[in-house]
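# Chain and residue survey
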Amino acid sequence: KVEQTLFAPSETQFTSHVEMSDYLAPAFAVVLPNLGGIAGSFFTRKAIPEWYEHLKKPSWRPPNWAFGPAWTYLYSSMGYASYLVWRDGGGFQGDNRLPLAMFGTQLALNWAWSPIFFGLKNLKFALIEISVLWGAIA
């Protein structure tokens, strides 16, 4: 337990108690989605020079270097949003257990795409998988 002393503008002192879990839970929620992204990057990095660079791609696709920062931001944002849903909805046993389960399912489907596309190099299966992901989102 950490104790903080805060001062209001009127110089009145009050104390609030901040639990360590108040910091660990959101940090865990932000880090967890990124772990799947990091795992997927092992498939991606190897396949880019060997396979992906030789595919026909649209001229408007983002450069390869943009994907890492973009997915880090997306995964971190999704993770923090899931923490807010968990915190405000009573945790995994509260009212928001279904939305949290749906998020977990969508996250797992998202993680699965990179190994399918870049690891297996299976465009048809990757299309089916991403379609299932879109269906889960809808």
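Details of the structure are given in the entry above.
Described in the following lines is the structure provided in the data block. (Residues numbered from 1 in each chain as written. Predicted model: local features only at pLDDT ≥ 70, side-chain atom pairs only at ≥ 80, totals over all residues. Heavy atoms only, no water.)

### Some remarks on the pattern of salt bridges
- A complete count under the given rule lists one salt bridge for this structure.
- Measuring nitrogen to oxygen at the nearest pair gives 2.7 Å for the salt bridge that ties aspartate 88 to arginine 87. (Salt bridge = Lys/Arg side-chain N within 4 Å of Asp/Glu carboxyl O.)

### Observations regarding the packing of helix α3 (residues 97-119) against helix α4 (residues 123-137)
- At their nearest, the axes of α3 and α4 sit 9 Å apart, and the two run at 165° to each other. Considering the angle they form, α3 stands roughly antiparallel to α4. Crossing handedness for the pair α3 and α4: left-handed. Contact residues: α3 offers Met102, Gln106, Leu109, Asn110, Ala112, Trp113, Ile116 and Phe117, while α4 offers Leu123, Phe125, Ala126, Glu129, Ile130, Val132, Leu133, Ala136 and Ile137.
- Its residues assigned to classes, the contact of α3 with α4 shows 14 nonpolar, two polar and one charged. (Axes fitted to C-alpha atoms, helices over the stretch in contact; angles between N-to-C directions. Helix = DSSP H or I, 4+ residues; strand = E, 2+ residues; numbered from the N terminus. Parallel < 35°, antiparallel > 145°, perpendicular 65-115°, else oblique. Left-handed = near helix turned anticlockwise from the far one by under 90°. Contact = heavy atoms within 4.5 Å. Nonpolar A, V, L, I, M, F, W, Y, C, P; charged D, E, K, R; others polar.)

### What to know about the nonpolar core
- Counting residues in each nonpolar core, the largest one holds seven residues, listed as Ala47, Trp51, Tyr52, Ile116, Phe117, Phe118 and Ala126.
- The residues contacting phenylalanine 118, other than those within four sequence positions of it, are Phe43, Thr44, Ala47, Trp51, Tyr52 and Trp113. (Core = buried A, V, L, I, M, F, W, Y, C linked by side-chain atoms within 4.5 Å. Buried < 20%, exposed > 50% of the residue type's maximum accessible area, 1.4 Å probe, protein only.)

### Focus on unusual backbone geometry
- One non-glycine residue, lysine 121, lies in positive phi territory at about 55°.
- Exposure remark for lysine 121: the relative accessible area of 34% places this residue in the partly exposed category.

### Considerations on α3
- The end-to-end C-alpha distance of α3 is 32 Å, a good match for the 33 Å that 23 residues give at a rise of 1.5 Å each.
- Taken residue by residue, α3 has Leu100, Phe103, Gln106, Leu107, Leu109, Asn110, Ser114, Ile116, Phe117 and Phe118 as its buried positions.
- Elements that come into contact with the buried residues of α3 comprise α1 (21-50), α2 (67-88) and α4.
- Positive phi appears at lysine 121, one or two residues downstream of α3, with a value of about 55°. (Expected span 1.5 Å × (residues − 1).)

### As for the environment of glycine 37
- Secondary-structure assignment places glycine 37 in helix α1.
- For the pair formed by glycine 37 and glycine 68, sequence separation is 31 residues and the distance between their alpha carbons is 9.0 Å.
- Those residues in contact with glycine 37 that lie beyond four places of it in its chain are Tyr75 and Trp111.

### As for α4
- With 15 residues, α4 ought to run about 21 Å at 1.5 Å a step, and its terminal C-alpha atoms sit 21 Å apart, in line with that.
- Among all positions in α4, only Ala126, Glu129 and Leu133 are buried. The arc enclosing the buried residues of α4, seen along the axis, measures out at 65°, which places them on a common side. Opposite the buried face of α4, at more than 90 degrees from it, the exposed residues are Lys124, Leu127, Ile128 and Trp134.
- On its buried face, α4 is in contact with α3.
- N-capping of α4 is provided by asparagine 122, with a side-chain oxygen placed 3.3 Å from the backbone N of lysine 124. (Arc of directions from axis to C-beta. Polar contact = N/O pair within 3.5 Å; in protein donor to acceptor, adjacent residues only side chain to side chain.)

### Side note on the side chain of serine 114
- Among the structural elements, serine 114 can be located in helix α3.
- We classify serine 114 as buried; its relative accessible area is 17%.
- Residues contacting serine 114, with those up to four places away along its chain left out, are Gly40, Phe43, Thr44 and Gly119.

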